[in-house]
Structures are given as structure tokens and as C-alpha cells.
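Each chain, letter by letter, is given below.
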2 protein chains.
Amino acid sequence: MSIVTRSAADLRAELTAVRPAGDEAEPAHLLATALLGFAAEPGDGVLGRLIAATGAVAAADSLLAGVDAAGLVELVAAAGEALDEREAATGIERWRPRLDHALFVRSLAQAARVGARLLVPGDRLWPVAVDELAQHAPITLWVRGRGEALIEAPSIALVGARAATSYGEHVALESAAGLVDRGFTVVSGGAYGIDGMAHRSAIASHGTTVAFLAGGVDRFYPLGHERLLTRIADTGAVVSELACGAAPTKWRFLQRNRLIAAASDATVVLEAGMRSGSLNTAGHAAALGRPLGAVPGPVTSPASAGCHRLLREYDAVCVVDAEQMAELAAGEPRGSAAVRVGAAEVDDLASRAAGGTDTMDPERLRVLDAMSTRSRREVDDIARRAGMPVTAVMGVLAVLESHGTVVFRGDGWLRRRSA
Amino acid sequence: MSIVTRSAADLRAELTAVRPAGDEAEPAHLLATALLGFAAEPGDGVLGRLIAATGAVAAADSLLAGVDAAGLVELVAAAGEALDEREAATGIERWRPRLDHALFVRSLAQAARVGARLLVPGDRLWPVAVDELAQHAPITLWVRGRGEALIEAPSIALVGARAATSYGEHVALESAAGLVDRGFTVVSGGAYGIDGMAHRSAIASHGTTVAFLAGGVDRFYPLGHERLLTRIADTGAVVSELACGAAPTKWRFLQRNRLIAAASDATVVLEAGMRSGSLNTAGHAAALGRPLGAVPGPVTSPASAGCHRLLREYDAVCVVDAEQMAELAAGEPRGSAAVRVGAAEVDDLASRAAGGTDTMDPERLRVLDAMSTRSRREVDDIARRAGMPVTAVMGVLAVLESHGTVVFRGDGWLRRRSA
């Protein structure tokens, strides 16, 4: 007798109460998935592989039935997959103490009280991008607010340090507003500093923003952001893979960061010191092969040192405004020495010099260099000064004259002051 | 009869007067090279190929003898190279008006007056790195000051906008001083703004600095930097490929920038707007495959927009201080997503999170998360909270206890406040 069969009846009501409208899932599967999500720490790869191999129901049933390591290895082998017996043993030790019926029911009741909704893989609102985390993907997601916010638009994670400067807050405000204007959902971690400013700016721009928490969504953390997170849930969503009642821990913050990176089309670090947790989010984005951007700042500001490290060592793309962040998320290629600095680009770059003359061709430049606005000069004189053939100089002069840049006066050519 | 033979005698004295001590060169070759350098605009690729094919003496002789295009094509063909007849014709038109004996002698006299020295390829002091410009390499170099400054140490070009902000000037000052401390020669363009600050800081740090000018070294440009350039020549060098008497023109500034990039082991743009001429120098460095660095600044500052463009589109390396600039010049590899963000780096990055816990291993982190500084907890309780096997928790507790991070009190474990 397992909890899934034994208490299907009394748990059915609690589970229905926390399901989003219109999402159907086979009750036993839903219950087993919810229970395993409740029992696991975020990112438990062994449990992820177990569920992938046997399915949630068989996994939960056997664990509740008191399966031992050997039995679990057999179960996985029967499904054509492999599980190391030591992994199985430590896994069982990790999960069993948490397969607690009373605690689970209390967590579901708390979720219902705060209006949290349970998402499982396959649900209409499930953000499939997180499944790229493979065996480390979340087993369940708990959502407060509008679940559609997770799937309805392209998204960018705007993250940064809690200890933000006024520069960083300015950048966060401008970036979030500009991305909302371009139809993006702004994803962040709900923390003080950069995260909070990004969420606030998105809301102020009447955009959608999503906050991922490191603990259950029944308790908004940090406390000082309780009202902000409530406003986020009004129009967007507050999300966690942890069940209600779970406290945020440092470990869970690190795992939460992997969700921010996995749930977003691109991650941009707006301002971060060398030890900012946002570098951890950046690392996850890079590991997933997602576009990673960093906003530079003054090299005299330690608050930007982390961003500069991402640019220097992790090939983050230098982004200076919302437009460039949108390009990043769209996967538009940025320059690289190998790809971009071919002759064309170098000429382009080489031509951007000496102020107003960027786009002027060399011969015109040299002819104008050789002319005066005060003293008239003959073609031969101009040709010698310019180091150009007389014929070429005459051709250029004809063009410049048609532009009104130069003028012929009696016995010689003059450069117009305006030129 | 050519100038080379006819006036070898009367020119010998002038030439000897402008030669560095101890540098021997065959007189006819020296004279022909000096004359061709005098006649050419910087970077004249046709003349460069002509000299490479026939040698300076034959090239000068035939031009002075009034060779026509067909004759020049024959001469080059005889040397096993190819020259297009149109190129030859326009070349002759360009060069002949400047093969003026009187003007040449006057230029040499002026050089002698200001103590300028003539360098030709093969000289002991010739900076061979500029020969990578191939047919666009300088034919001659004119130097005021200590010619050794061109060859005695590794060099970095520090360039930037004339319209520098106090931030850019601060960066220039710090960078030049730090590079001098590391034994580098600081190369720049002697202009107002960033260039001037880089030169000044190098001098103030008792280092060596070299300025490349766009006109003859007899006239220091800009005028407002006459004293600065004089001080540069006292301990370093002021250099130009143009003979004395040649005025700086916009065209020559662009060509001067190619010399700054070619003469330096690396080029770093310290502060530059979108239209700064220093982007032209950066383009030459990139075209030569030389290391290119850019110092970021506030995205709110247009004065740094050019640097950010180099980082974003031209794969310039983000450098924030002299140490990183020295690494750049040493050719040490920087990170790139492909090469560097392997598991190791990501773990490293992923671990830098949540303040003081960067380097802590996950199990210790989770055990400490599960403990309290106030209430004693038993191993089973800690294991359940941490989602870890009891055996693993006991092992971690033993280690933490030996570090004094945790302590056992009667009936349970406590986390020390310091931890």
C-alpha cells in the first residue's frame, strides 16, 4: 500500500485546489510528481534520472513501499537505464525522511491558502525551456499570479548585485523599460538592488515581470520586498520549484539562479561586483549555451568588476542598452575578431577618423588637404601637395565643385570655408 | 645623369649630418631611399612594391632619368615582379613633381637644424615591427630624441579621444604609470586629451614614451603640446615617416595611426567616442592581427561609446588596468565561450555566489544551511532539512567541528555564530 493509492482520495481535493484551471493531468501521476517534488532538494540529478527512467508513479510507489538500493537499481535497469547502487542508496537516504504524509498535506493546504498553483511537466503553462536542464530540471513549479507570464512572450533575465550603485539602478531602470517596450518579459530574482529595480521598472512600464524565489511562494523573501512581490504577482508571476513551507537557503539560492537562466531566452548582468551571486546566474546561462550579456561600467567602480570579468573571461557580449539586449536575445550574431574584422569592417573602422571625414574617400580628402580657403592654387600645385596625378586631381575637383565644396576663381582653386 | 650620381657629393654631407651615430648604410642606397621617402605620401603601396622589386637605387635612378610607365613595368618585370601599367603611370605622375632637388636639400638642412635623425630599413634602430605593413610600410623614419626608444622594450599604444573626460584622463594616467612600472614603452600620437595624458604620465613615472606625428618632426603639432613633445624627445622619441617641412594633413593623421598600431606590441583604446580617430588606430591594429584592447566606461557616457563598440563588434579584449594590458601585449589568451566556459570555469563561476560561500563545497553549505546558531539539532533532523544522507551529514559535521565551525552540545549540534 503506498501513499499514492492509500491517500489518493483524501489528497485529490487538496491537489485539485492548487491546480490551474483547464490543466488536466492523470491524478496518480500528478500526486506522485507533486510528492517527489516535495521530497527533493532542487536539482537532484539522481531523482531526475530515476523519474525519467521509471516515471513518477513507479518511482514514488517504490520509495513509499520501502524499496532498497538494489531494488531501485533493478527498477531502473528494467526501464533500460542505469543507476549506480551507491547513488541509489544515498538517494533513498535523502528522500525517504521527506516522504512525510502530514508535512506534504500541510504544504498543499498552505499553497491553497495563498492561492499558489502547481505546475508539472506537460502542463500548458509549463515553461519548456527549463527542461534543457535535463536531469537537473525542476520536478514541479509553484506559481502565484498569472501563470501565462511564464510562456506568453520572449523573456530576458536582468540580474545584478544587491549592493547596487545609482549607476546600476539607472541602467536597470532604463533596460527593463526598454525591454518592455520591445515586448519582452523581464525575469529576475526579486532581490534588493538591481533585481528589485528591474522588476519595479517593468511594472511601471505596464510590462510583465517574473520573479523566481529560493523558498516556497507562501513566504515572500526578502521581507522588505513583500509588497513588491505582491505587485509582481498581480500582473506577472512569482515562481519557485520549492513547495510551500520551504525556507530559502544559500544552496537553494544557487539552484534558483539556474532556473532564472534556464527560463529566460537571454541573461544580462547589469551591475555586479566580483562576488555577486548574479555571476552564478551568468555561469548557468553560459553552461546552458544561452546568450549572456554584461553591461560595462567605470573601471574605477568595484560594483562593475564582475561585469568586466564576464566580458573579459567568459565572452559575455557587451550590451549598453535595451536594443542591444533585445538583439542578444534574438540570437543576432555579434562581432568577433575571426568573423567580423575582415577588410570591410577594418576599412569601415579605419575610415571613422578625423571628425567629419569618416565617409570621405581618400582622394577627395587628400585634394581638400592640399587646398586653402584663403589662397588660390593651381591644379599642378594641388597635385604636388596632395601627391596625386594632375589628371586625378582634376577629376576630383570637378566632383567637389559640383558639390559646391570648392570653387575656381580666375587663376586658381579655392576651398570653401564650409568644406 | 641622375641626382643620385650627380649630387651624391654635395648631398653626402647633409645626409651624414642626419644619420644616427654608428649606423652604416651604402651612400647611394641611403640617398635613393631618403629621396623616395621624401617624394612619397605615407603608405604609397605602388612605390613600396617598386622598391621591393628593383631596390631603392634603381627605382630612384629610373624615375629621375624620366622613365615612362612602360619602362617602369619592364624594370619591375625584369626583377620577376608585376606592376600594372596604369599604376605605374599614375605613380610616376604622383612622384615626379616631388623629386625636387632644392626642396629635398632644404628639408635635409632643416632636419639637421632641429637634430632630427634619418632611419632606413636595416638600420640598427629601425623598428622592424612596422615592416609587417608590407608594401605600405614606411620608406624612412625621422626621429628626434633617443632612437633606442623605438627598439629597447616591449611597447603598448595607449590611444583615445582628444575630447577626454576626467574619467578617461584618470584611466590614461593610471594605465601609463602601471605599464612603465612593468617595463613597457608607452606609444601614442601626441594629441590633446588621452594621448597627451598617457605621454605625461609615462614621463612622470620616469618611463620611456614615443610620439608618432602626422607631419615633419621639425614642427611639433599640436602647437599647445610643443613643450610636452620636447620633453618626450628628451628621454624618448618623437617620430614621423614624413620629412621635415611636411605639414600634418587629415590623410597623414590616418596614415600616422597605422604606424602607431604597427610599431606597438598591442593597442589599447582608453576612452573614445563613436567618431574618435583612435578607432582608426584600433582598426589598423585589428587588420595587422595585433592584440587590441578597450577600456570600458559608463554606458551613460558618449565618450566611451567607441570603446564599447570595439568590445561588442570587434572582439577587442576588455582591459581594466595596466596588469591586464600587459597580459594582452604578452599575448596571453583571454577567455571565450568556446574555449573557456567549460565545466571547470562554470563551476568556478557558479560557486561565486551568496557572499562568503564562494569556495565552500555544496555539502558543507547544505549542512550549515540546515543548522541553527540558537537551537541544537540532531543529525537526523539536520539530514532531513539538508536533504542529505545521515552518513554524509555525520562526515561533514566531523570536518566542520575540526574547523570549529560547529559544536556538539549535550543532545545536538550548534552552528557557531562566526560560521
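Residues numbered from 1 in each chain as written. Chains lettered and ligands numbered in written order. Predicted model: local features only at pLDDT ≥ 70, side-chain atom pairs only at ≥ 80, totals over all residues. Heavy atoms only, no water.

S.K.: Hey, could you go over the overall build of chain A for me, with residue numbers and the actual values?
M.R.: For chain A, the helix and strand inventory stands at 20 helices and eleven strands. For chain A, the C-alpha radius of gyration of 31 Å lies well beyond 22 Å, the compact-globule estimate for 419 residues. Counting only C-alpha atoms, chain A reaches 110 × 45 × 40 Å along its principal axes. A buried classification covers 57% of the 419 residues belonging to chain A. Taking the contacts inside chain A whose residues are at least 6 apart along the sequence as the reference set, 71% of them involve residues at least 24 apart. Accessible surface computed for chain A: about 16,300 Å², of which carbon and sulfur atoms make up 53%. For chain A, the distance from the average site of its 42 positive side-chain charges to the average site of its 49 negative ones is 7 Å. (Helix = DSSP H or I, 4+ residues; strand = E, 2+ residues; numbered from the N terminus. Rg over C-alpha atoms; globule rule 2.2 N^0.38 Å. Buried < 20%, exposed > 50% of the residue type's maximum accessible area, 1.4 Å probe, protein only. Contact = heavy atoms within 4.5 Å. Areas by Shrake-Rupley, 256 points an atom, 1.4 Å probe, with all protein chains shown as cover. Lys, Arg positive; Asp, Glu negative; His and termini not counted. Charge placed at Lys NZ, Arg CZ, Asp CG, Glu CD.)

S.K.: Lay out the domain arrangement of chain A with the relevant residues and their values.
M.R.: Residues and elements named next belong to chain A. Segmentation of chain A into domains returns domain 1 (3-104), domain 2 (146-354) and domain 3 (361-415). One C-alpha centre belongs to domain 1, the other to domain 2, and the line joining them spans 34 Å. When the two sides are added together, the surface that domain 1 and domain 2 hide from each other amounts to roughly 480 Å², 53% of it contributed by carbon and sulfur. The tally of links between domain 1 and domain 2 comes to one salt bridge. Residues Arg 252 and Glu 41 are paired through a salt bridge, measuring 2.5 Å at the closest nitrogen-oxygen approach. Summed over the shared surface of domain 1 and domain 2, the result is one residue pair in polar contact (both at pLDDT 80 or more). Of the residues in the side of domain 1 that touches domain 2, the class split is two nonpolar, one polar and two charged. (Domains from an automatic or database assignment. Buried area = accessible area lost by both parts, 1.4 Å probe. Salt bridge = Lys/Arg side-chain N within 4 Å of Asp/Glu carboxyl O. Polar contact = N/O pair within 3.5 Å; in protein donor to acceptor, adjacent residues only side chain to side chain. Nonpolar A, V, L, I, M, F, W, Y, C, P; charged D, E, K, R; others polar.)

S.K.: Just give me the short version of helix α4 (residues 45-54) of chain A, but keep the residues and values in it.
M.R.: Residue and element names in this part refer to chain A. The element α4 is largely enclosed, with a buried count of seven among its ten residues. Listed as buried for α4 are Gly 45, Val 46, Leu 47, Gly 48, Leu 50, Ile 51 and Ala 53. Contacts from the buried residues of α4 go to α3 (27-39), α5 (56-64), α6 (69-78) and α7 (85-95). Capping of α4 at its N-terminal end is provided by Asp 44; its side-chain oxygen lies 3.1 Å from the backbone amide nitrogen of Val 46. Positive phi shows up at Gly 55, right after α4, with a value of about 90°.

S.K.: Help me get a handle on the packing of α3 of chain A against α5 of chain A, residues and values and all.
M.R.: Residue and element names in this part refer to chain A. Two numbers describe how α3 lies on α5: the axes approach to 8 Å, and their chain directions differ by 60°. With respect to their mutual orientation, α3 and α5 come out oblique. The interaxial crossing formed by α3 with α5 has left-handed handedness. Listed contacts from α5 to Ala 28, His 29, Ala 32, Thr 33, Leu 35 and Leu 36 of α3 are Ala 56, Val 57, Ala 59, Ala 60, Leu 63 and Leu 64. Of the residues contributing to the contact of α3 with α5, the split by class is ten nonpolar, two polar and no charged. (Axes fitted to C-alpha atoms, helices over the stretch in contact; angles between N-to-C directions. Parallel < 35°, antiparallel > 145°, perpendicular 65-115°, else oblique. Left-handed = near helix turned anticlockwise from the far one by under 90°.)

S.K.: Give me the lowdown on the packing of helix α10 (residues 194-204) of chain B against helix α11 (residues 226-235) of chain B, citing residues and values where you can.
M.R.: All names here are of chain B. At a closest axis distance of 11 Å, the pairing of α10 and α11 adopts a crossing angle of 45°. The angle between α10 and α11 places the two elements in the oblique class. Crossing of α10 against α11: the hand is left-handed. Of the residues in α11, those in contact with Gly 196, His 199, Arg 200 and Ile 203 of α10 are Leu 228, Arg 231 and Ile 232. When the residues that make up the contact of α10 with α11 are grouped by side-chain class, the tally is three nonpolar, two polar and two charged.

S.K.: Before we move on, can you summarise the pattern of salt bridges with the specific residues and values?
M.R.: All names here are of chain B. For the structure on display, the rule yields 28 salt bridges over all chains. With a closest N to O distance of 2.7 Å, Arg 258 and Glu 241 form a salt bridge. Of this pair, Arg 258 sits in helix α12 (residues 250-263) while Glu 241 is found in the loop between β6 (237-240) and α12, placing the two residues 17 residues apart along the sequence. Judged by relative accessible area, which is 3%, Arg 258 ranks as buried. Across the salt bridge formed by Arg 385 and Asp 381, the nearest N and O atoms sit 3.0 Å from each other. Placement of the pair is Arg 385 and Asp 381 together in helix α19 (residues 379-386), with a separation of four residues, close to one helical turn.

S.K.: For the side chain of Arg 415 of chain A, give the residues involved together with the corresponding values.
M.R.: Residues and elements named next belong to chain A. Here Arg 415 is to be found in strand β11 (residues 412-415). For the buried Arg 415, no salt bridge is present, and the opposite-charge side chain at shortest range is Asp 369, 4.9 Å distant. Of the polar contacts made by the side chain of Arg 415, one reaches the backbone oxygen of Leu 368; its length is 2.9 Å. Among residues more than four places away in sequence, those in contact with Arg 415 are Leu 368, Asp 369, Met 371, Ser 372, Thr 373, Thr 405 and Val 406.

S.K.: How would you summarise the sheet that holds strand β5 (residues 209-212) of chain B if you had to cite specific residues and measurements?
M.R.: Residues and elements named next belong to chain B. Read across the open sheet, the nine strands follow the order β1-β2-β6-β5-β4-β3-β7-β8-β9; overall the sheet is mixed. Unpaired on one side and paired on the other, β1 (117-119) and β9 (317-318) mark the two borders of the sheet. Sheet topology note: the β1/strand β2 (residues 141-145) ladder contains three bridges and is antiparallel. Counted as the bridge partner of Leu 118 is Trp 142 from β2. Contacts from α10 reach β3 (155-160), β4 (185-188), β5 and β7 (266-271), with the element oriented near 140° to β3. (Pairing = 2+ DSSP bridges.)

S.K.: Describe in detail a negative patch on the surface, supporting the description with residues and values.
M.R.: A grouping of Asp 68, Glu 74, Asp 84 and Glu 85 of chain A is seen on the molecular surface, where their side chains present a negatively charged patch. Mapped onto the fold, Glu 74 of chain A is located in helix α6. (Patch = residues over 30% accessible without salt bridge, like charges linked within 9 Å, V, L, I, M, F, W, Y side chains within 5 Å.)

S.K.: How would you summarise the state of the cysteines if you had to cite specific residues and measurements?
M.R.: On inspection of all chains with the given rule, the structure shows zero disulfides over all chains. Not part of a disulfide, Cys 307 of chain A finds its nearest cysteine sulfur in Cys 318 of chain B, a span of 9.7 Å. Exposure remark for Cys 307 of chain A: the relative accessible area of 0% places this residue in the buried category. Not part of a disulfide, Cys 318 of chain A finds its nearest cysteine sulfur in Cys 318 of chain B, a span of 7.7 Å. By relative accessible area, which is 1% here, Cys 318 of chain A ends up buried. (Disulfide = S-S within 2.5 Å.)

S.K.: Residues and numbers for the UniProt feature "domain: Smf/DprA SLOG" (unreviewed entry) in chain A, please.
M.R.: Cross-referencing UniProt, the feature "domain: Smf/DprA SLOG" (unreviewed entry) maps to residues 118-327 of chain A in the present numbering. The span residues 118-327 of chain A shows a helical share of 36% and a strand share of 17%, and its end C-alpha atoms are spaced 33 Å apart. (UniProt positions renumbered as here; feature names shortened; annotations may be inferred.)

S.K.: Account for the pairing of strand β10 (residues 406-409) of chain A, with residues named and values stated.
M.R.: All names here are of chain A. Two strands pair when backbone bridges link them, and β10 and β11 are joined in this way by four bridges, in the antiparallel orientation. Pairing of Arg 409 across the sheet is with Gly 412, part of β11. A loop of two residues connects β10 with β11, the two strands running antiparallel in sequence, and Gly 410 in this loop sits at a positive phi of about 55°.

S.K.: Mind laying out the confidence of the model for chain A, listing which residues take part and the relevant values?
M.R.: Predicted coordinates in regions of low pLDDT should not be interpreted in detail. Residue and element names in this part refer to chain A. Per-chain confidence: chain A averages 89 in pLDDT, with 91% of residues scoring 70 or above. Low pLDDT, under 50, characterises residues 335-348; the stretch is placed with 21 contacts to residues that sit more than four places away or in other chains. The low-confidence segment residues 350-359, where pLDDT is below 50, has 26 contacts with residues more than four positions distant or belonging to other chains. (pLDDT = per-residue confidence, 0-100.)

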